[in-house]
Amino acid sequence: MAGSSAEQAPDYRSILSISDEAARVRALNEHLSTRSYVRGYCLSQADLDAFRQLSAPPTDAQLFHVARWFRHIQAILGPHATGQPCGLQASKGRRAQPQWSPPARSEPCQLRLYNSLTRRKDVFVPQDGKRVTWYCCGPTVYDASHMGHARSYISFDILRRVLRDYFKFDVFYCMNITDVDDKIIKRARQNHLFERYRQKPPQAAQLLEDVRAALKPFSVKLNETTDPDKKQMLERLERAVALAAAPLEEAVGRSLAGEELDGPAQVLLEEAKDLLSDWLDSTHGSEVTDNSIFSKLPKFWEEEFHRDMEALNVLPPDVLTRVSEYVPEIVDFVQKIVDNGYGYVSNGSVYFDTVKFASSEGHCYGKLVPEAVGDQKALQEGEGDLSVSAERLSEKRSPSDFALWKASKPGEPSWPCPWGKGRPGWHIECSAMAGTLLGASMDIHGGGFDLRFPHHDNELAQSEAYFENDCWVRYFLHTGHLTIAGCKMSKSLKNFITIKDALKKHSARQLRLAFLMHAWKDTLDYSANTMESALQYERFLNEFFLNVKDLLRAPVDVAGQFEKWEDAETELNESFYDRKCAVHQALCDNVDTRTALEEMRALVSQCNLYMAAHKAARRRPNRGLLESVARYLTHMLKIFGAIEEESSLGFPVGGPGTSLNLESTVMPYLQVLSEFREGVRRIAREHKEVTW
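Described below are features of the structure shown in this document.

About the thresholds
Residues numbered from 1 in each chain as written. Predicted model: local features only at pLDDT ≥ 70, side-chain atom pairs only at ≥ 80, totals over all residues. Heavy atoms only, no water. Helix = DSSP H or I, 4+ residues; strand = E, 2+ residues; numbered from the N terminus. Expected span 1.5 Å × (residues − 1). Polar contact = N/O pair within 3.5 Å; in protein donor to acceptor, adjacent residues only side chain to side chain. Buried < 20%, exposed > 50% of the residue type's maximum accessible area, 1.4 Å probe, protein only. Contact = heavy atoms within 4.5 Å. Phe/Tyr/Trp six-rings, centres within 6.5 Å; stacked < 30°, edge-to-face > 60°. Lys NZ or Arg CZ within 6 Å of the ring centre and 35° of its normal. Core = buried A, V, L, I, M, F, W, Y, C linked by side-chain atoms within 4.5 Å. Pairing = 2+ DSSP bridges. Axes fitted to C-alpha atoms, helices over the stretch in contact; angles between N-to-C directions.

Taking 1.5 Å as the rise per residue, helix α7 (residues 182-199) with 18 residues should run 26 Å; its terminal C-alpha atoms sit 26 Å apart, in good agreement. The backbone nitrogen of Lys183 has a side-chain oxygen 2.9 Å away, supplied by the residue at the start of α7, namely Asp181.

The step from Phe453 to Pro454 runs through a cis peptide bond, and the omega angle for that step is 5 degrees. In this structure, Pro454 sits in helix α18 (residues 452-467). Notably, Asn313 is not glycine yet its phi reads approximately 65 degrees, a positive angle. Asn313 gets classed as buried once you look at its relative accessible area, which sits at 18%. Look at Glu468: it is not a glycine, yet its phi comes out positive at around 50 degrees.

Moving on: helix α22 (residues 567-588). If you check α22, its first and last C-alpha atoms are 32 Å apart, about what 22 residues at 1.5 Å a residue would give, namely 32 Å. Inspection of α22 places Glu569, Leu572, Ser575, Phe576, Ala582, Val583, Ala586, Leu587 and Cys588 among the buried residues, and these make up the whole buried set. Elements in contact with the buried residues of α22: β1 (112-115), α6 (147-166), α23 (593-616) and α24 (623-639). Taken from the residues just after α22, Asn590 is the one with a positive phi, measuring 65 degrees.

Before going further, it helps to spend a moment on the packing of aromatic side chains. A complete count under the given rule lists 18 aromatic pairs for this structure. Measuring from ring centre to ring centre gives 6.2 Å for Phe333 and Phe467, while their planes differ by 75 degrees; the resulting arrangement is edge-to-face. Separated by 134 residues along the polypeptide, Phe333 in helix α13 (residues 327-339) and Phe467 in helix α18 bring together distant segments of the chain. Exposure remark for Phe467: the relative accessible area of 23% places this residue in the partly exposed category. Ring plane angle 85 degrees and centroid distance 5.6 Å describe the contact between Phe545 and Phe651, whose orientation is recorded as edge-to-face. One end of the pair, Phe545, is in helix α21 (residues 528-553); the other, Phe651, is in the loop between α24 and α25 (662-686), and 106 residues separate them in sequence. Each residue in the set Tyr342, Phe352, Phe357 and Phe402 is aromatic and connected to the rest through ring pairs, giving one cluster. Residue placement shows Arg151 over the ring face of Phe515; its charged tip is 5.9 Å from the ring centre. Here the basic side chain of Lys336 rests over the ring of Tyr466, its NZ or CZ set 4.5 Å away from the ring centre.

Turning next to the nonpolar core. Ranked by size, the top nonpolar core spans 118 residues in total, and within it Trp134, Leu268, Leu276, Phe544 and Phe640 carry the most contacts. The contacts of Phe544, once residues within four sequence positions are left out, are Val604, Cys607, Asn608, Met611, Leu626, Val629, Ala630 and Leu633. Cys174, Ala432, Ala465 and Phe476 belong to the second-largest nonpolar core, a separate cluster that totals 44 residues.

Another aspect to go through is the sheet that holds strand β12 (residues 482-484). Pairing is mixed across the open sheet formed by three strands, whose spatial order is β13-β12-β14. With one partner strand each, in any of the chains shown, β13 (487-488) and β14 (524-526) form the two edges of the open sheet. Across two bridges, the pairing between β12 and β13 is antiparallel. Counterpart to Thr483 in the pairing with β13 is Lys488.

On to the sheet that holds strand β3 (residues 131-136). The five strands are arranged β5-β4-β3-β10-β11 in an open sheet whose pairing can be described as parallel. Edge strands, defined here as strands with exactly one partner in the open sheet, are β5 (319-322) and β11 (473-479). Pairs of neighbouring strands in the sheet enclose a mean axial angle of 20 degrees, with direction left out of account. Pairing geometry for β3 and strand β10 (residues 442-448), over three bridges, is parallel. Each residue of the ladder has a partner; that of Trp134, found in β10, is Ile444. On the sheet, helix α17 (residues 426-438) packs against β3, β4 (170-177), β5 and β10 and is oriented at approximately 160 degrees with respect to β3.

So this is what it looks like as structure tokens:
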């Protein structure tokens, strides 16, 4: 073999001694023409010495052998071609791999969340790798859950699912149930006293007298009310009671008896229920001493709340806390705040010293809504209806101070503590429960927009006073308001729609799609137009899923499912990739599901155009590509919680909450029908009557 060990090493000394470079190259070319220097050629030191005399291969075509010899040695030496010999590799004649350069890298999109603490979209960085600790303010359970609750809990469910299932964070989600609160105490007493009043119904004349007595404080309240919405609600109640009282007054005036009195009396009793309940509570509320009355009401409504959340396909929390179960922890929490110098005892109650806290180094009061600090109306609403008497207000050092622990009055539940019998304040509940479970700092705290001040600002202050830090919450997320056909929704104004009533009109999926089509932090208007948009979107996607399922039902052999891609398939696939990137960017941008759904809609529109074009050309669309698109859309809808069941593709035909899966039941019959149709088409093609 040429270049073997038996061959003598080349002697270039006479050639290298030629002073004229052109003559030296020509001599080298003549010498190389007699040697094999490609296959099996062993480099020697003489070759390397001659090689280094040249800076580049000659361009003259007549010097072919030198040029080829130069490139061969250059390939062997690789990146060391102009440096020192490559040692053993070069001596053995092995080719070295060329240098590899990585592709240019684009910066990945980062998840940003709108943080109420900064009022901007901040890059989300959990404190412990992929683990996310999250506390969400739960409901105060004294009445039926309404669409305002749905607004918050569906929105947080979507955010939680996206962080967990799309961004692959390990989310630890905690939520509380407020089952000790002024509203619960007052409603429990009112219900108890009214039921007792109704069980022993008074005579018609006595009922009328009681209603007149109840109207006196009610009229004072009405005259003092400045909020126009609340005033309008109270005026409606006053008119309804007056209309119901008139027939009974006439019957009593005519000395009627029996059913002629009982009927109007029952009507008045129902219309005046709220009026009488409030009056009975103001006169007899302090006589209620049975603590079971205060636990029965929240227990009932908590169970109803969980049923509503399950019906809405809202995931249950990893941990649920109840105030009534954490009273010892709350007492310890309050005591440490006092020990740290930020709380004080006054007449059996304990208050948070906002002035002392705000003036302390490293602390700030009113982080979320600094412009609201000092808003007495908001502060008093946060204290509760039973805690804003002149006596209670006089116990504070500053009007902005708020109750950590409330001394119980007659007719209120109580627990023993170092300051006498009492009950927790509203704000301290979340701080103690979240602090017990999540420690000195959590990643996310969530709640409704209306909770920012004073509730969440007070939570932040007392928690940071307890832990002596400035970072109890890293990201504060607040869901937007919900309006009903453009009007403010309020339970106190009796302007609300319960979740159960909403589910009678629309499915849980349709409600969720309506929420997905709006930004989670903005106001959402629950109206006929909003729901019609959600219904249209659902129909649009469902038609696409049904078309793809129909295409996939057509029988095909194993190899036949892989079809050649033409320009149309390549174009659709490129668009598919672009849409997926756009969805990803939207979710990185504060979990913008509205834009994500629009990108998914655009993708389906392109698929529909692709299928229509193939149908017009009597060609079968590519089933594999369309199946990939349909499965991606299904995957995203599952992440959003819009597909509840274990559906491999599209919306389940049986619908949510049904034990019968219609699709799996009728599939064998559809398969037979599809095979029959395909057989007819095959016979027709053989007779050249159709081409598809």
